[in-house]
Amino acid sequence: MNPMKTVLSFAFLVALFIASPVAAQDKKATIQKNKYQQIEVTRFEVKSGIVFPAEYQVSMTEDLVAQLQETKKFKQVLRLGEASSDANAPAIKLVGQITEYKAGNRAMRYMIGFGAGKTKVVAHIKFVDRATGDVLFEKDVDGKVILGGLVKGESIGATRGLAKEVAKLASEKFF
Amino acid sequence: MCSHVRLIETSHRILPAMLACCLCMVAATNARSALFQQTQGGQQVKPQIENSPGSAQPQTESLTISKVFHVAGIPKVSRNTRGYLVFTQNEMIFHRGKRELVRVPFQKLRRGQLLAGGRDNAGAAVALAAVTYGIGGLAMAVQSKVDVLVFDYTNENGGLMGLALQVPKDQGKRCREWLARFGVTVEEPPAATTPAKK
């Protein structure tokens, strides 16, 4: 085979790879570890057409703050509008949108089980650099209540599951 | 073998009695709360005169709502914590016993909502389930109607916080009327909204 052709083919393949979306995605996903010491939690929006109870929104915000604090990775976990101890420190802003909500039924979970009456909350979350507005990472996360015990198993507990998943993601991506 | 037969015979006699006891307890609790709401409406207006004999002191009023359950919003306070809510002329305070769990001045309130909700009778369901080999847990399907108050307010650092409380049915309206006197608007979403259930 003509060596020139071989070299040109190889160069073409390399150029193709560099321009490919996979490579681009890898570049976008690169996050500087241990850079962000503060995170601001905003109240999630609700996608139009979804009826999401107001107390669930309150519960979700509080669960997010609590779970992020429990990771002990961030020096400060702030609520929307809260004053930071160091205004110049790099900070992440957590924003999200509730994209799916299934109310479920606790009595059905208890009586039938096997996933019947499951409560589910799905949100699309974004971690955004607060200073530049760049989206650092985004993903769909969910929280569910599948088991319906008499003592535990309240439907509103789904927000806690979602918050735990968000906190786990934040720990893995930024530290 | 004989002891097992005796045990089964005894349990057959005791079981209906225990079931009847539990049903009576549930009925009595519901009747008591209904009677309380009818006679006093769960509202106590307490005129309080400040301690200062010999001088003219202004009377202060407050509105107290009992049997209030915390749903979400107060850090490190578990869900379903029961307490009572006191509205004064410039703030609202949620108490558990003698302990204040949260105190929110009216000027910090950003938004208020009054929603219809339901509350599981988890205690009664557990009791019934215990004596009926789990079948009584079906009582959980029956929910008590409650009003849900949801507030947005700012904390001392300027952060946006939320507070969700369940109050007895029709008491939410009294809270809204009290707050309206002091310039705090509590919205009531249109009926098309799905009621919030616990």
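Residues numbered from 1 in each chain as written. Chains lettered and ligands numbered in written order. Predicted model: local features only at pLDDT ≥ 70, side-chain atom pairs only at ≥ 80, totals over all residues. Heavy atoms only, no water.

## Structural notes on a nonpolar patch on the surface
Logical step 1: There is a patch of nonpolar side chains on the surface, built from A:M108, A:M111 and A:I112 and spanning about 270 Å² of accessible area.
Logical step 2: Looking at the element boundaries, A:I112 is found in the loop between helix 4 (106-111) and strand 5 (119-129). (Patch = residues over 30% accessible without salt bridge, like charges linked within 9 Å, V, L, I, M, F, W, Y side chains within 5 Å. Areas by Shrake-Rupley, 256 points an atom, 1.4 Å probe, with all protein chains shown as cover. Salt bridge = Lys/Arg side-chain N within 4 Å of Asp/Glu carboxyl O. Helix = DSSP H or I, 4+ residues; strand = E, 2+ residues; numbered from the N terminus.)

## Quick look at the pairing of strand 10 (residues 160-168) of chain B
All names here are of chain B.
Logical step 1: For strand 10, a buried count of eight out of nine residues is recorded, marking the element as mostly surrounded by other parts of the structure.
Logical step 2: Direction of pairing for strand 4 (residues 63-72) relative to strand 10: antiparallel, over a ladder of three bridges. Of the residues in strand 10, the one forming a bridge with A72 is A164.
Logical step 3: Strand direction decides the pairing type here: strand 9 (residues 143-154) and strand 10, joined by nine bridges, are antiparallel. Paired with V146 across the two strands is P168, which belongs to strand 10.
Logical step 4: Between strand 9 and strand 10, which pair antiparallel one after the other, the connecting turn spans five residues, and G158 there sits at a positive phi close to 85°. (Buried < 20%, exposed > 50% of the residue type's maximum accessible area, 1.4 Å probe, protein only. Pairing = 2+ DSSP bridges.)

## Brief notes about the pattern of salt bridges
All names here are of chain B.
Logical step 1: Using the criterion set out here, one finds nine salt bridges over all chains in the structure.
Logical step 2: Across the salt bridge formed by E91 and R103, the nearest N and O atoms sit 2.2 Å from each other. On the criterion of sequence distance, the pair formed by E91 in strand 6 (residues 91-96) and R103 in strand 7 (residues 99-105) is long-range, its members being 12 residues apart.
Logical step 3: Overall, the relative accessible area of 40% leaves R103 in the partly exposed class.
Logical step 4: Ionic pairing is found between R176 and E188, a salt bridge with its closest N-O pair at 2.3 Å. Of the two residues, R176 is situated in helix 3 (residues 171-181) and E188 in the loop between strand 11 (186-187) and strand 12 (196-197); the sequence distance between them amounts to 12 residues.

## Let's talk about the side chain of A:E62
Logical step 1: Within the secondary structure, A:E62 is located in helix 3 (residues 54-71).
Logical step 2: Side-chain polar atoms of A:E62 contact the side chain of A:R79, separated by 2.7 Å.
Logical step 3: The residues contacting A:E62, other than those within four sequence positions of it, are A:R79, B:G73, B:P75, B:M161 and B:G162. (Polar contact = N/O pair within 3.5 Å; in protein donor to acceptor, adjacent residues only side chain to side chain. Contact = heavy atoms within 4.5 Å.)

## Description of the packing of aromatic side chains
Logical step 1: Enumeration according to the criterion identifies nine aromatic pairs over all chains in this entry.
Logical step 2: Positioned over the ring face of B:F69 is B:R119, at 3.6 Å from the centre of the ring. (Phe/Tyr/Trp six-rings, centres within 6.5 Å; stacked < 30°, edge-to-face > 60°. Lys NZ or Arg CZ within 6 Å of the ring centre and 35° of its normal.)

## Here we look at helix 3 of chain A
Residue and element names in this part refer to chain A.
Logical step 1: Look at helix 3: 26 Å from first C-alpha to last across 18 residues, which is about the 26 Å you get at 1.5 Å a residue.
Logical step 2: Of all 18 residues in helix 3, 14 are buried, a share of seventy percent or more.
Logical step 3: Immediately beyond the C-terminal end of helix 3, within one or two residues, lies K72, with a positive phi of roughly 60°. (Expected span 1.5 Å × (residues − 1).)

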